[in-house]
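# Fold and geometry: a report
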Amino acid sequence: MKEIVAIIRPEKLEEVKNALEEAGCHGMTVTEVRGRGRQLGVTESYRGRDYRIDLLPKTKIEIVVNDEEVDRVIETIVKNAQTGDIGDGKIFISSVEDVVRIRTGESGKKAV
Amino acid sequence: MKEIVAIIRPEKLEEVKNALEEAGCHGMTVTEVRGRGRQLGVTESYRGRDYRIDLLPKTKIEIVVNDEEVDRVIETIVKNAQTGDIGDGKIFISSVEDVVRIRTGESGKKAV
Amino acid sequence: MKEIVAIIRPEKLEEVKNALEEAGCHGMTVTEVRGRGRQLGVTESYRGRDYRIDLLPKTKIEIVVNDEEVDRVIETIVKNAQTGDIGDGKIFISSVEDVVRIRTGESGKKAV
Ligand SMILES: Nc1ncnc2c1ncn2[C@@H]1O[C@H](COP(=O)(O)OP(=O)(O)OP(=O)(O)O)[C@@H](O)[C@H]1O
Ligand SMILES: Nc1ncnc2c1ncn2[C@@H]1O[C@H](COP(=O)(O)OP(=O)(O)OP(=O)(O)O)[C@@H](O)[C@H]1O
Ligand SMILES: Nc1ncnc2c1ncn2[C@@H]1O[C@H](COP(=O)(O)OP(=O)(O)OP(=O)(O)O)[C@@H](O)[C@H]1O
Ligand SMILES: [Mg+2]
Ligand SMILES: [Mg+2]
Ligand SMILES: [Mg+2]
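- You'll find chain A entered in an unreviewed UniProt entry as P-II family nitrogen regulator, with Methanothermobacter wolfeii given as the organism.
- Annotation of chain A in UniProt includes, under Function (unreviewed entry), the sentence "Could be involved in the regulation of nitrogen fixation."

## With respect to the relation of the copies chain B and chain A
- For the match of chain B to chain A, the screw axis carries a shift of 0.0 Å, the RMSD comes to 0.0 Å, and the turn is 120°. Taken together, the rotation and translation describe the operation of a three-fold axis.
- By residue overlap, the copies meet through two different surfaces: only 12% of the interface positions of chain B are interface positions in chain A.

## With respect to the UniProt feature "modified residue: O-UMP-tyrosine" (unreviewed entry) in chain A
All names here are of chain A.
- Mapped onto the present numbering, the UniProt feature "modified residue: O-UMP-tyrosine" (unreviewed entry) falls on Tyr51.
- Here Tyr51 is to be found in strand E4 (residues 49–51).
- Taking the relative accessible area as the measure of exposure, Tyr51 reaches 24% and is therefore partly exposed.

## Description of the site of ligand 2
- Lining the immediate surroundings of ligand 2 are 22 residues, of which Thr29(A), Arg103(A), Gly87(B), Gly89(B) and Lys90(B) lie closest.
- More than one chain lines the surroundings of ligand 2; the residues nearby belong to chains A and B.
- Separating an oxygen atom of ligand 2 from a side-chain N or O atom of Arg103(A) is a distance of 2.6 Å.
- One of the backbone nitrogen or oxygen atoms of Gly89(B) is found 2.6 Å away from an oxygen atom of ligand 2.

Thresholds, definitions, all that
- In every chain, residue numbers begin from 1 and rise along the written sequence.
- Chain A is the first chain written and ligand 1 is the first ligand written, with later ones labelled in order.
- In keeping with the model being predicted, local features are shown solely for residues with a pLDDT of at least 70 and side-chain atom pairs are shown and tallied solely at 80 or more, while totals for entire chains, interfaces and linings include all residues.
- With hydrogens and water stripped out, all remaining heavy atoms of the structure feed into the side-chain values.
- UniProt positions are given in the numbering used here, feature names are shortened, and annotations may be inferred rather than shown by experiment.
- A residue counts toward the fit only if its pLDDT is at least 70 in both copies, and the copies are then superposed by least squares on the C-alpha atoms of those residues.
- Here, residues are in contact when the closest pair of their heavy atoms is within 4.5 Å.
- Every helix listed is a DSSP run of H or I at least four residues long, and every strand listed is a run of E at least two residues long, numbered separately from the N terminus.
- Type-normalised accessible area, obtained with a 1.4 Å probe on protein chains alone, sets the label of each residue: buried when under 20%, exposed when over 50%, and partly exposed for intermediate values.
- The near set for a molecule or strand comprises every residue that places at least one heavy atom within 4 Å of it.
- Here a polar contact is taken to be a pair of N or O atoms separated by no more than 3.5 Å, where protein atoms must pair a possible hydrogen donor with a possible acceptor and residues adjacent in sequence count only if both atoms sit in side chains.

Set out below in structure tokens:
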């Protein structure tokens, strides 16, 4: 099992969420965050204004999936979150050891 | 060391928090999030209303513990967050390589 | 690649953020959270008031870096977030398997 964490532009959440649903990926957790990338002395736009290095509003999506779904989820996020301008976001992939569904108590692959 | 991330119903936080305290587990970090599970075309209730697949308010609890405490923490969360209805939540377990206590600079098991 | 998660006092964010920038570490994601540490029956101060065990406002910083930068980032956070009083915070280090830059689609070390 893997955790895919994507930090995207807030205005891209709707598009990414719908595309993931169409790709058969339903479970996700969303958090409003602030962030900065690697730019220094370069500006990044947010709602039509330019900002030098600072914390800008971003949306974090966390998705835990079985290994065979990882590539599809990443492709779907990249395709739907991309604008081509700096600040489009990042995806981090890491390993998850186990998952438990609280309602049933079941764990492992079938609980994802 | 392991990280246990639980996404639960917001109204269950108080109960889970108190049960964890009684179980001797004090450290935790809580974030208000929104999420959806695996249902599609099925409704999930929130505050007495039914919602089709969409992002509903959930509460995320992150707990880093030493390995021998993992089972107790998971059991305590499942027992206290469960209602039996869809949307009760999920628990994700992953590995943590090191912990540092900022006040003292100490690291490893004793810093957890 | 590693993920460094620091939970610090909200009033220390500015100092830590600037110190990380000077240390050459730009990318970060910040979330407002609430938390409690290991104290029980001991008080912790927040804005001049004392609280027994309860959830106090904290700020979470997530930083993904290449392995060779981990020590520098941890030292910078400890040095700038420390007051010496209980509640200064914690740092958790874990492994990240891959990173993708959404704008370019590139992945691996150069995408961090
Ligand atoms: N190394 C990192 N660690 C943690 N979060 C990061 C990191 N890099 C970026 N982020 C998060 O992702 C958001 C978007 O980053 P951004 O797209 O600017 O990355 P970038 O590497 O600077 O790419 P680009 O050159 O396309 O701007 C940031 O605001 C921050 O929340
Ligand atoms: N695969 C997942 N990845 C990330 N977050 C998830 C995932 N599945 C669930 N969540 C989070 O947990 C919350 C509760 O999920 P939920 O209890 O509905 O899971 P479920 O698998 O659909 O189980 P149930 O059938 O009991 O509803 C979601 O709103 C979301 O925040
Ligand atoms: N084991 C833990 N798991 C998850 N989050 C934790 C844990 N311990 C601490 N935290 C987070 O870090 C914040 C600060 O913790 P704190 O500095 O009080 O840790 P501590 O171990 O009690 O150290 P101190 O003795 O210096 O107070 C908490 O409010 C919580 O958000
Ligand atoms: Mg950038
Ligand atoms: Mg569900
Ligand atoms: Mg403490």
